[in-house]
Structures are given as C-alpha cells and as structure tokens.
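Close look at the chain arrangement
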Amino acid sequence: MLVDTSRRDRVGEFRGVAGPYWSLRPVCGGAEWEVEPGSVREPSPIERLRAEISRCNARSEGRIL
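The structure contained in this document is the topic of the report that follows. (Residues numbered from 1 in each chain as written. Predicted model: local features only at pLDDT ≥ 70, side-chain atom pairs only at ≥ 80, totals over all residues. Heavy atoms only, no water.)

Some remarks on the pairing of strand E3 (residues 21–26)
Pairing geometry for strand E2 (residues 10–18) and E3, over six bridges, is antiparallel. Within E3, the position partnered with glycine 16 by the bridge is serine 23. Adjacent in sequence and paired antiparallel, E2 and E3 are bridged by two residues, among which glycine 19 carries a positive phi angle near 65 degrees. Bridge count for E3 against strand E4 (residues 33–35) is three bridges, and the pairing is antiparallel. (Pairing = 2+ DSSP bridges. Helix = DSSP H or I, 4+ residues; strand = E, 2+ residues; numbered from the N terminus.)

Concerning the sheet that holds E4
Pairing in this open sheet of five strands is antiparallel, and the strands run E4-E3-E2-E1-E5 from one edge to the other. In this open sheet, the two strands that pair with only one neighbour each are E4 and strand E5 (40–41).

A closer look at the environment of arginine 8
In this fold, arginine 8 is placed in the loop between strand E1 (2–4) and E2. Spatially, the C-alpha atom of arginine 8 lies 16 Å from that of serine 23, the residues being 15 residues apart in sequence.

Written out as structure tokens, the structure reads:
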C-alpha cells in the first residue's frame, strides 16, 4: 500500500509502472490512477488499518471479491 500525496492522501495498492508513472488502484477496487513516484509515501499505521478495514467491509458487502 502507498499513499498518493498529490490526491489528498489517497491510499492505493501498487499495480506497476507506466512510463515515468506508478499505477495505483484503490484498496476496495475501482479504476487505477497514475502518480509520479515522488508523490507517494508509505502509509502510517492508522492509514493502513483504515484501508484494511475498508477492504474487509467491501468484501463482506459483496462489493469486491
């Protein structure tokens, strides 16, 4: 997991490299987005926990597999 500081600290999963950008995907699924590598950071423990809880909730509601 990484935090995109250029998008109001949006948390995403690293998906790969697209030219000079990194591709991230929301932890609960959805469209990927590209970010400059200099605009990402590791999530804090609370950001990581929130993302994991969101993923578990989405899975339990059937929104993601």
